[in-house]
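Breakdown of the fold
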Number of protein chains: 2
Amino acid sequence: MERIYGSELGAYIGQKVKVAGWVHNLRKLGKVNFLTLRDVSGIVQVFLTKSEAAQLDNVLPESVIEVQGVVAAEAQAPGGYEIHQPEIKALSRVSEGLPFSINQPELKAHLDTFLDYAPFGLRYPQKKALFRLSAGVMQGFRNYLDQQGFTEIATPKLVESATESGANVFAVNYFGRPAYLAQSPQFYKQIMVGVFEKVYEVAPVFRAEPHATSRHLNEYISLDVEVGFINNHLDVMALLSHVIRGIFTHLRANYTPELEALEVEMPLIPDVFPHIYFPDAQEFIYQHHQEDCRGEPDLAPQHERWLGEWAKQEYQSDFLFVTGYPIEKRPFYTHPDPENPRYSNSFDLLFRGTELVTGGQRLHLYEDYQRALKKQGISDLQTFDGYLQAFRYGMPPHGGFAIGLERFLMQLTGASNLRETVLFPRDINRLSP
Amino acid sequence: MERIYGSELGAYIGQKVKVAGWVHNLRKLGKVNFLTLRDVSGIVQVFLTKSEAAQLDNVLPESVIEVQGVVAAEAQAPGGYEIHQPEIKALSRVSEGLPFSINQPELKAHLDTFLDYAPFGLRYPQKKALFRLSAGVMQGFRNYLDQQGFTEIATPKLVESATESGANVFAVNYFGRPAYLAQSPQFYKQIMVGVFEKVYEVAPVFRAEPHATSRHLNEYISLDVEVGFINNHLDVMALLSHVIRGIFTHLRANYTPELEALEVEMPLIPDVFPHIYFPDAQEFIYQHHQEDCRGEPDLAPQHERWLGEWAKQEYQSDFLFVTGYPIEKRPFYTHPDPENPRYSNSFDLLFRGTELVTGGQRLHLYEDYQRALKKQGISDLQTFDGYLQAFRYGMPPHGGFAIGLERFLMQLTGASNLRETVLFPRDINRLSP
């Protein structure tokens, strides 16, 4: 007999079927007994008489079983159907107690315990919903960009030299020579604008930041975009807002059960995302919150929260662009503001008052790169040879951005720790499972 | 004026438009002159009179320019249209000669030279077609599996211990402790079958194999699938054949220009892929090619070629499964053939007589893993703790496979070196660009 999924029971009332999955819960009440089975489609309820329940005598939760039985409508059961007269066959028996419960509405495990037992704990239905949603975000991102004629690229993660700075890179022994893990596909995605004009990549990036905070991961998924023939960073911002809207359109259309299971409060997304110029943002903070940060090179988290509140009140938007960060705080490839070169054609996108995306226009002329690298004290351009080659052979004005997948999920779902939004997190203390 | 793409000219006959791109070719004949421009959509021809051609005096090939002019129908031009009365503006000037030509039908650069100049060389139209096709393969793979209810996963590339064997892994300095780059997502995709039943991943894998052959890369993209609740490896083979068919359906529907540009000979894909049992394959080779490999633990490349020829003649198929490889040559997690435990429930898929995919049914019982690891001489199971956890807490019968993206492209397009099928290859001698 072919296995069917729990979600398909309604089509088989009165018929004998086979379902299979993990023993999620067992309620033995004596005369009436209920077994719930967890499969890819959700939860299936099985009704057992006292004698039928004897089949479960040595079957502990999380054992994998097959159940053949007759489908009956039952308003009280998940989905409205249950299975009667079950014949049970164990495919894989669990012989020990579980580290914590995953069949209760709430997960009562400390984060570290959860992560130690992630191969088991990820089976908890709300965790499954979260990582389905994570897949949905990647899908929505790719789908939108595919429709817009972007080309997906796969760039190397083993690189000869550190991308943006020598700090914070993991060293690899590459056949006896030093190599590094890519901190970002920045150089390669720019190079590929010279080939395809419009490119994106979804891939892991590696940051050797020795911090143990709730907002740091040492390996995460970066959703990277780079596009040529722009006028300036405003074109990149427009693209980013369309990408964000495309992701949410995709989630609404395909991931409603997951959004509901996670009680996600969907963000306010206006037709045009509001933006504020960096010095104006500092002036605003001074005027409205009596904190004088004017002239400082960056915004503090509290400043971003204030700006987020303002955008929500003033523009009914959970998103706010801050544009024109001081050039000194941005990477060397950042394009200056032609009107005021102390500032840059760059932006951050705040989501609910926290930075979610960084992006901007890049330099595109070879001479500008020579100058910018010299200013960083880099005179030996040999290490940047492959990168600079793209500019020597003609590059259009271009720009791009990178969205951190985990941070996006964290801010969307209200998770309190970034580790909760990645299957098997890597941090300064954790390399396993 | 808004830029349009070269492919859109037909909608603007007699109107003034703006196009932009790279100077692909210049033919200065005196009275009549032709400039071809390369943009994301292809090649645009610009017609220049002698006086108009003066605008190009200091513009070398690969410079990035904008051209405003009037669209005219011209049967001789690429796409059937060209631009007249051009006004040209340089966005980025090239000031040196090119390392080799990318505007001729044939690319005349030695592979090593090409790879040194990949940021430039990848602009060659047929290379663009190849890497568009590469993106199309990833898309087709994901689309098919998404439709079948699979969940995309992102698993860590920094791992605490070597996956399958201690050899051939890259060591990383992880905050002073040793870590390794994942050789495959094998353990994690199996773990995730315990969560989602059906999973896939598209991600880089890292192999520290110290070989410099035309068929080795040290970093490549692996298309990984794992699925639960199978009967045996035959279910995995059926899934794989559907995935292959799904990829080609997607390529035919969306990548015809690329397939034509690359003169790809599309493979013969029968409704059901033929398969042959490993010992029968050896007997076949003995009978038909008088080479006695019976009893050997593996097939040699020539054996695979003979089998591929046979499948093509006998079954009109470019694909052939070889099943039941000796268990001794397969990784420890391979499920034995219950009828004959010297052989395994594993398979290779040959594509045009060369191995393309390896897969099979895996062990799913915790006791079987303990036994299998012991047989490998591994008694300290601590390093496999996270992996084994999944089996201690109940796993269904399952299996899967991995397709190497680059190898797939190589065999599809007839490339002679695997390095040609990756944007920026990594091998024992090459870490850049």
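Look a little higher up for the structure.
Here the residue numbers are simple positions, counted from 1 along each chain's written sequence. Just so you know, chain letters begin at A and ligand numbers begin at 1, following the order they were written in. Since the coordinates come from a predicted model, pLDDT governs what is reported: local features require at least 70, and pairs of side-chain atoms require 80 or more to be given and counted, while whole-chain, interface and lining totals use all residues. Derived side-chain values reflect all non-hydrogen atoms in the structure, with water molecules and hydrogen atoms excluded from consideration.

Observations concerning the overall build of chain A
Put simply, the rule reads: Helix and strand assignments come from DSSP, with helices taken as H or I runs of at least 4 residues and strands as E runs of at least 2, each series counted from the N terminus. The rule is simple: take the accessible area with a 1.4 Å probe, protein chains only, and divide by the maximum for that residue type; under 20% is buried, over 50% is exposed, in between is partly exposed. Where accessible areas are quoted, they stem from the Shrake-Rupley method and a 1.4 Å probe; at the residue level, only the protein chains shown are allowed to cover. For the purpose of counting charges, residues Lys and Arg are taken to be positive, whereas Asp and Glu are taken to be negative. His and the chain ends are not included. Just so you know, the charge point we use is NZ for Lys, CZ for Arg, CG for Asp and CD for Glu.
Counting secondary structure elements, chain A contains 12 helices and 16 strands. Overall size of chain A, expressed as C-alpha extent along the three principal axes, is 85 × 55 × 40 Å. By the burial criterion, 56% of the 433 residues in chain A qualify as buried. Split by element, the accessible area of chain A, about 17,300 Å² in all, is 47% carbon and sulfur. The positive charge centre, built from 40 side chains, and the negative charge centre, built from 52, are 6 Å apart in chain A.

Considering helix α10 (residues 366-375) of chain A
Residue and element names in this part refer to chain A. Quick note on the threshold: Of all possible arcs, the one meant is that of the directions from the helix axis to the C-beta atoms. Here a residue-residue contact requires only that any non-hydrogen atoms of the pair lie within 4.5 Å.
D368, Y369, A372 and L373 are the residues of α10 that are buried. Projection of α10 onto a plane perpendicular to its axis shows the buried side chains occupying an angular sector of 125 degrees, all on one side. Turned more than 90 degrees away from the buried face of α10, the exposed residues are R371, K374 and K375. Looking at the buried positions of α10, the neighbouring elements they touch are α5 (186-196), β15 (354-362) and α11 (385-392). Taken from the residues just after α10, G377 is the one with a positive phi, measuring 80 degrees.

Observations regarding the sheet that holds strand β10 (residues 198-206) of chain B
All names here are of chain B. The line we're drawing: Pairing between two strands is assigned when DSSP locates at least 2 bridges connecting them. To get an axis, fit a line to the C-alpha atoms, keeping to the stretch in contact for a helix; angles then go from 0 to 180 degrees between the N-to-C directions.
On the basis of which strands lie adjacent, the open sheet formed by eight strands has the order β6-β10-β11-β16-β15-β14-β13-β12 and mixed pairing. In the strand order of this sheet, the two ends are held by β6 (151-152) and β12 (275-277), each with one partner. Bridge count between strand β15 (residues 354-362) and strand β16 (residues 398-404): six bridges; the pairing is antiparallel. Bridge pairing links T358 to A402 in β16. Taken strand by strand, helix α5 (residues 186-196) contacts β6, β10, β11 (219-228), β15 and β16, and its axis lies near 30 degrees from that of β11. Of the strands in this sheet, β11, β12, β13 (319-323), β14 (346-351), β15 and β16 touch helix α6 (residues 233-254), which is tilted by about 35 degrees from β16.

Some words on the packing of α5(B) against helix α11 (residues 385-392) of chain B
Residues and elements named next belong to chain B. As a reminder of what qualifies: An angle below 35 degrees is read as roughly parallel, one above 145 as roughly antiparallel, one from 65 to 115 as roughly perpendicular, and any other as oblique. Handedness of a crossing follows from how the near helix is turned relative to the far one, being left-handed for an anticlockwise turn of less than a right angle and right-handed for a clockwise one.
Two numbers describe how α5 lies on α11: the axes approach to 9 Å, and their chain directions differ by 25 degrees. On the basis of their axis angle, the class for α5 and α11 is roughly parallel. Pair α5 / α11 crosses with left-handed handedness. Together, F187, Q190 and I191 of α5 and G386, Y387, A390 and F391 of α11 make up the contact between the two elements.

Observations concerning the relation of the copies chain A and chain B
Relating the two copies of this chain is a rotation about some axis coupled with a shift parallel to it. Defined as follows: Superposition of the copies was done by least squares, using only C-alpha atoms of residues whose pLDDT is at least 70 in both.
For the match of chain A to chain B, the screw axis carries a shift of 0.0 Å, the RMSD comes to 0.0 Å, and the turn is 180 degrees. In symmetry terms, the pair is related by a two-fold rotation axis. Looking at the rotation axis and the C-alpha trace of chain A, the residue lying nearest is A:V172, at 2.3 Å. Here 100% of the interface residues in chain A have copies in chain B that are interface residues too; the copies meet face to matching face.

Focus: the interface of chain A and chain B
The criterion, for reference: The buried area of a pairing is the accessible area, by a 1.4 Å probe, that goes missing from both parts when the two are put together, added over both. A carboxyl oxygen of Asp or Glu within 4 Å of a side-chain nitrogen of Lys or Arg is what we treat as a salt bridge. What qualifies as a polar contact is a pair of N or O atoms within 3.5 Å, subject to a donor-acceptor requirement within protein and to the restriction that residues adjacent in sequence count only when both atoms come from side chains. Only Asp, Glu, Lys and Arg are considered charged in this grouping, and only Ala, Val, Leu, Ile, Met, Phe, Trp, Tyr, Cys and Pro are considered nonpolar; every other residue, Gly among them, is considered polar.
Each partner contributes to the interface: chain A provides 93 residues, whereas chain B provides 93 residues. Both sides together, the interface formed by chain A and chain B hides about 7,800 Å², and carbon and sulfur atoms give 61% of it. Counting the surface chain A buries against chain B, the share from its top three residues, A:F175, A:Y393 and A:L431, is 11%. At the boundary of chain A with chain B, the tally comes to six salt bridges. Of the charged contacts, one joins B:E197 and A:R3 as a salt bridge, the two residues approaching to 2.9 Å between their closest N and O atoms. Taken together, chain A and chain B are joined by 48 residue pairs in polar contact (both at pLDDT 80 or more). With eight residues, helix α4 (residues 125-147) of chain A is the single largest residue contributor to the side of chain A that touches chain B. Looking at side-chain class alone, the side of chain A that touches chain B contains 54 nonpolar, 16 polar and 23 charged residues.

Comments concerning the side chain of A:R362
All names here are of chain A. Relative to the elements of secondary structure, R362 occurs in strand β15. With a relative accessible area of 6%, R362 lands in the buried category. Within polar-contact distance, the side chain of R362 engages the backbone oxygen of G400 at 3.1 Å. When neighbours within four sequence positions are excluded, R362 is seen to be in contact with Q186, K189, Q190, E226, Y333, H335, Y369, H398, G399, G400 and F401.

Regarding unusual backbone geometry
At the junction of A:S432 and A:P433, the peptide bond is cis and its omega measures out at -5 degrees in the coordinates. Structurally, the position occupied by A:P433 is in the segment after α12 (405-413). Positive phi values are uncommon outside glycine, yet B:E197 reaches one of about 70 degrees. Among the structural elements, B:E197 can be located in the loop between α5 and β10. The class for B:E197 is buried, based on a relative accessible area of 1%. One non-glycine residue, B:Q316, lies in positive phi territory at about 50 degrees. In this structure, B:Q316 sits in the loop between α9 (301-315) and β13.

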